[in-house]
Every structure is written in structure tokens, then in C-alpha cells.
Amino acid sequence: MPAREMRMEMFLRALMKGDYTKAKAHLDKLEKIVGDDEWGRGYSKAINGFLSALNDNDTDSLIVQLVRNPDNEKAQKLLEHFESILQHEFRDDYEKGYYTAWKELLTAYLSQERLGVKHGKK
């Protein structure tokens, strides 16, 4: 498994446990891995948004909904949606980075049993 995906799993695990200090440490390492090009900035925007939404308890946010009320069916539909967006040739690198972060987060989310996190609806 690539380092970025492994770090995303650790980031998600910390988010699911509500350990935002540890999540921030993983976020910082993810940002170093992805770099500062357009793609990396898009990826960073997404992961910072995940942490910010949970810190603010933004109940309208998808990430907050998935963490507070685990729902694998919803996560699978979102994953398929974001994967289809990534197939659009007209997407720029920033958008591709943003949606890749979502794709990797949702992939990790759907692998929660392996991550040792409580499982929600199937």
C-alpha cells in the first residue's frame, strides 16, 4: 500500500476516534507527501476541510455525517460518484487532487474493520 493511502487510513482512524490532535499530525504528513503543486493543493484543501468540518461539528458536511452516523452504503455511493468525477478529462489537477482525497478517505472508510474502527450500517 502506498504511503499516502496508509497515512490517509491513520488520518481517518484518528478522525473516527475524535482525536483531532493526532489527525492534524497525520494531515501535516499527508500534506508533505502530496506536495504543493496544483494537485497537492486540491488534495490538501479536501483533507483540511475534513478536519475543519469535524472540529466545527458542521452537521451539513458529508464527513461529519459519515463519522457521526456510519453508513457504508452511502459511503460506497459517494466513492463511486467521486471516482466517476475523476474520469472526466476536463477536470484540472486541483480538482483531481481534491477528489482523490475523497476517494482515498472513502476507500479507507469502507475498510474500517481492518482499521479497527466501529462498523456502522452495511
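Scroll up a little and you will see the structure.
Residues numbered from 1 in each chain as written. Predicted model: local features only at pLDDT ≥ 70, side-chain atom pairs only at ≥ 80, totals over all residues. Heavy atoms only, no water.

Asks: What am I meant to see in the packing of helix α3 (residues 38-56) against helix α6 (residues 93-109) here?
Replies: Any two packed helices are characterised by how steeply their axes cross, that is the angle between the axes, and by the distance between the axes. Where α3 meets α6, the axes come as close as 6 Å, and the angle between the chain directions of the two elements is 45°. As the angle between them shows, α3 and α6 are arranged oblique. As for the relative orientation of α3 and α6, their crossing is right-handed in sense. Counted together, Glu38, Trp39, Arg41, Gly42, Tyr43, Lys45, Ala46, Ile47 and Phe50 of α3 and Asp93, Tyr94, Lys96, Gly97, Tyr98, Thr100, Ala101, Trp102, Glu104 and Leu105 of α6 form the full contact between these two elements. (Axes fitted to C-alpha atoms, helices over the stretch in contact; angles between N-to-C directions. Helix = DSSP H or I, 4+ residues; strand = E, 2+ residues; numbered from the N terminus. Parallel < 35°, antiparallel > 145°, perpendicular 65-115°, else oblique. Left-handed = near helix turned anticlockwise from the far one by under 90°. Contact = heavy atoms within 4.5 Å.)

Asks: Could you clarify how one ought to interpret the nonpolar core in this entry?
Replies: Proteins that are soluble and globular tend to have nonpolar side chains buried together. Phe11, Ile47, Phe50 and Ile63 are the most contacted members of the largest nonpolar core, which has 36 residues in total. Counting residues per element, this core draws most heavily on α3, which supplies eight residues. When sequence neighbours within four positions are dropped, the list of residues in contact with phenylalanine 11 reads Ala23, His26, Leu27, Leu30, Ile47, Phe50 and Leu51. (Core = buried A, V, L, I, M, F, W, Y, C linked by side-chain atoms within 4.5 Å. Buried < 20%, exposed > 50% of the residue type's maximum accessible area, 1.4 Å probe, protein only.)

Asks: Which parts of the structure should I look at to understand the packing of aromatic side chains?
Replies: To describe a pair of aromatic rings, one takes the distance between the centres and the angle between the planes. What the rule picks out here adds up to five aromatic pairs. Summarising the aromatic geometry, the rings of tyrosine 98 and tyrosine 99 are spaced 5.2 Å apart at their centres and angled 85° between planes, so their arrangement reads as edge-to-face. Given the relative accessible area of 28%, tyrosine 98 is considered partly exposed. One aromatic cluster in this structure is built from Phe50, Phe82, Tyr98, Tyr99 and Trp102. (Phe/Tyr/Trp six-rings, centres within 6.5 Å; stacked < 30°, edge-to-face > 60°.)

Asks: Looking at this model, I keep getting lost on the pattern of salt bridges. Mind explaining?
Replies: Once the charged atoms of two side chains with opposite charge are near each other, the side chains can pair. What the rule picks out here adds up to six salt bridges. Among the ionic pairs, glutamate 104 bridges to arginine 4, the shortest N-O distance being 2.4 Å. Here arginine 4 lies in helix α1 (residues 3-17) and glutamate 104 lies in helix α6, a separation of 100 residues in the sequence. For arginine 4, a relative accessible area of 24% gives the class partly exposed. Salt bridges sharing partners connect three or more residues here, namely Asp36, Glu38 and Arg41. (Salt bridge = Lys/Arg side-chain N within 4 Å of Asp/Glu carboxyl O.)

Asks: Help me out: how do you make sense of α3 in this one?
Replies: An α-helical turn contains 3.6 residues, so any two residues separated by three or four positions project in the same direction. Across its 19 residues, α3 extends 26 Å between first and last C-alpha, which sits within 8% of the 27 Å expected from 1.5 Å per residue. Considered for burial, the residues of α3 that qualify are Trp39, Gly40, Gly42, Tyr43, Ser44, Ala46, Ile47, Phe50, Leu51, Ala53 and Leu54. Where α3 is buried, its residues meet α1, α2 (20-34), α4 (62-68) and α6. Directly beyond the C-terminal end of α3, a positive phi value near 50° is found at asparagine 57. (Expected span 1.5 Å × (residues − 1).)

Asks: Got a minute to help me understand the packing of α1 against α2 in this structure?
Replies: Two elements in contact, α1 and α2, have axes whose closest approach is 8 Å; the angle formed by their N-to-C orientations is 160°. Classified by the angle between their axes, α1 and α2 sit roughly antiparallel to one another. The way α1 lies across α2 gives a crossing that is left-handed. Of the residues in α2, those touching α1 at Ala3, Arg4, Arg7, Met8, Met10, Phe11, Ala14 and Leu15 are Tyr20, Lys22, Ala23, His26, Leu27, Lys29, Leu30, Ile33 and Val34. The residue makeup of the contact of α1 with α2, split by class, is twelve nonpolar, one polar and four charged. (Nonpolar A, V, L, I, M, F, W, Y, C, P; charged D, E, K, R; others polar.)

Read these as layout, nothing more, since geometry by itself doesn't imply function.
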